[in-house]
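Here is how the chains run, residue by residue.
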Amino acid sequence: DAGITQSPRHKVTETGTPVTLRCHQTENHRYMYWYRQDPGHGLRLIHYSYGVKDTDKGEVSDGYSVSRSKTEDFLLTLESATSSQTSVYFCAIRDSSGTEAFFGQGTRLTVV
Amino acid sequence: DQQVKQNSPSLSVQEGRISILNCDYTNSMFDYFLWYKKYPAEGPTFLISISSIKDKNEDGRFTVFLNKSAKHLSLHIVPSQPGDSAVYFCAASDIQNNDMRFGAGTRLTVKP
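As a starting point, this report considers the structure included with it. Source: prediction; values computed, not measured. (Residues numbered from 1 in each chain as written. Chains lettered and ligands numbered in written order. Predicted model: local features only at pLDDT ≥ 70, side-chain atom pairs only at ≥ 80, totals over all residues. Heavy atoms only, no water.)

### Digging into the interface of chain A and chain B
Reasoning step 1: Each side of the interface is counted separately: chain A has 22 residues, and chain B has 20 residues.
Reasoning step 2: Interface area for chain A against chain B, summed over the two sides, is near 1,800 Å², with a carbon-plus-sulfur share of 56%.
Reasoning step 3: Of all residues in chain A, Leu43, Thr99 and Phe103 of chain A give up the largest surface area on contact with chain B, accounting jointly for 27% of the area buried on that side.
Reasoning step 4: At the boundary of chain A with chain B, the tally comes to 1 salt bridge.
Reasoning step 5: Among the ionic pairs, Arg101 of chain B bridges to Glu59 of chain A, the shortest N-O distance being 3.8 Å.
Reasoning step 6: Taken together, chain A and chain B are joined by 2 residue pairs in polar contact (both at pLDDT 80 or more).
Reasoning step 7: Among the secondary structure elements, those contributing two or more residues to the side of chain A that touches chain B are β4 (31–38), β5 (42–51) and β9 (87–94) of chain A.
Reasoning step 8: Per-element tally for the side of chain A that touches chain B: the top contributor is β5 of chain A, with 5 residues.
Reasoning step 9: Residues that form the side of chain A that touches chain B fall into these classes: 10 nonpolar, 8 polar and 4 charged. (Contact = heavy atoms within 4.5 Å. Buried area = accessible area lost by both parts, 1.4 Å probe. Salt bridge = Lys/Arg side-chain N within 4 Å of Asp/Glu carboxyl O. Polar contact = N/O pair within 3.5 Å; in protein donor to acceptor, adjacent residues only side chain to side chain. Helix = DSSP H or I, 4+ residues; strand = E, 2+ residues; numbered from the N terminus. Nonpolar A, V, L, I, M, F, W, Y, C, P; charged D, E, K, R; others polar.)

Structure below.
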């Protein structure tokens with residue numbers, strides 16, 4: 001298995017609170033991605049990173065921010081969580097020379 | 001706007017028969033296509049891929065076909081096995097822009 005760890009694996013939080021999800025890799029891959037999975041929508045790209053401090057928006061980036069201060073860590077922050085952000089969040093990594101991405105186990109976030 | 005579409009939410013086939021999963025895309029910049037398999041409570045795992053310069057790629061029981069003019073690809077599983085029961089995601093990648101977009105997924109059920 002690719003060395004990807006997502007934390008926490010499960011979280012319940014209240015509306016309006018900030019939340020940070022962490023993705024940690026041990027593969028030294030250049031590219032890292034955050035997706036959310038929702039019924040009927042599949043996996044939708046939130047943000048991605050192509051290097052330290054280099055990030056870009058995906059298709060559903062509103063309400064989310066990211067940071068990548070080290071190659072191995074990619075943080076996803078919900079500044080003020082809303083119920084519409086209840087979802088399963090997946091991190092993925094991809095090597096510069098590779099074409100497929102490898103996924104973490106996911107974080108189930110519930111906003112109440 | 002969903003750039004990758006899987007119009008069949010579910011598919012049920014008998015063990016030993018062929019499973020055909022379909023995927024359509026709209027962005028002509030996509031140059032690499034992938035299929036992922038996902039079991040409940042796990043992250044998606046890479047299954048098979050195809051470059052836009054090819055029209056077929058085979059790996060054991062799995063074959064992916066690409067029709068660029070129709071912007072359509074399909075995954076064939078022959079023979080289908082009960083262990084193939086999972087959600088299958090189609091993905092398309094624009095290598096130059098580094099992002100990767102997914103379809104909504106098709107839930108395959110293989111009945112013994």
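Read on for the rest.
### Focus on unusual backbone geometry
Reasoning step 1: Along the chain, Ser7 of chain A connects to Pro8 of chain A via a cis peptide bond; the corresponding omega equals -10°.
Reasoning step 2: By the element assignment, Pro8 of chain A lies in the loop between β1 (4–7) and β2 (10–13).
Reasoning step 3: Here the amide bond leading from Val78 of chain B into Pro79 of chain B is cis, since omega sits at -10°, within 30 degrees of zero.
Reasoning step 4: The topology assignment puts Pro79 of chain B in the loop between β8 (72–77) and β9 (86–94).
Reasoning step 5: One non-glycine residue, Asn28 of chain A, adopts positive backbone phi at about 60°.
Reasoning step 6: Tracing the sequence through the fold places Asn28 of chain A in the loop between β3 (19–25) and β4.

### A word on the pattern of salt bridges
Reasoning step 1: Counted according to the given criterion, the structure contains 7 salt bridges over all chains.
Reasoning step 2: Between Glu58 of chain B and Lys56 of chain B there is a salt bridge, with its nearest N and O atoms 4.0 Å apart.
Reasoning step 3: A residue is classified by how much of its surface remains accessible, and Glu58 of chain B, at 52% relative accessible area, is exposed.
Reasoning step 4: Three or more residues joined by partner-sharing salt bridges are found here, namely Arg22, Lys70 and Asp73 of chain A. (Buried < 20%, exposed > 50% of the residue type's maximum accessible area, 1.4 Å probe, protein only.)

On their own, these measurements won't tell you what the molecule is for.
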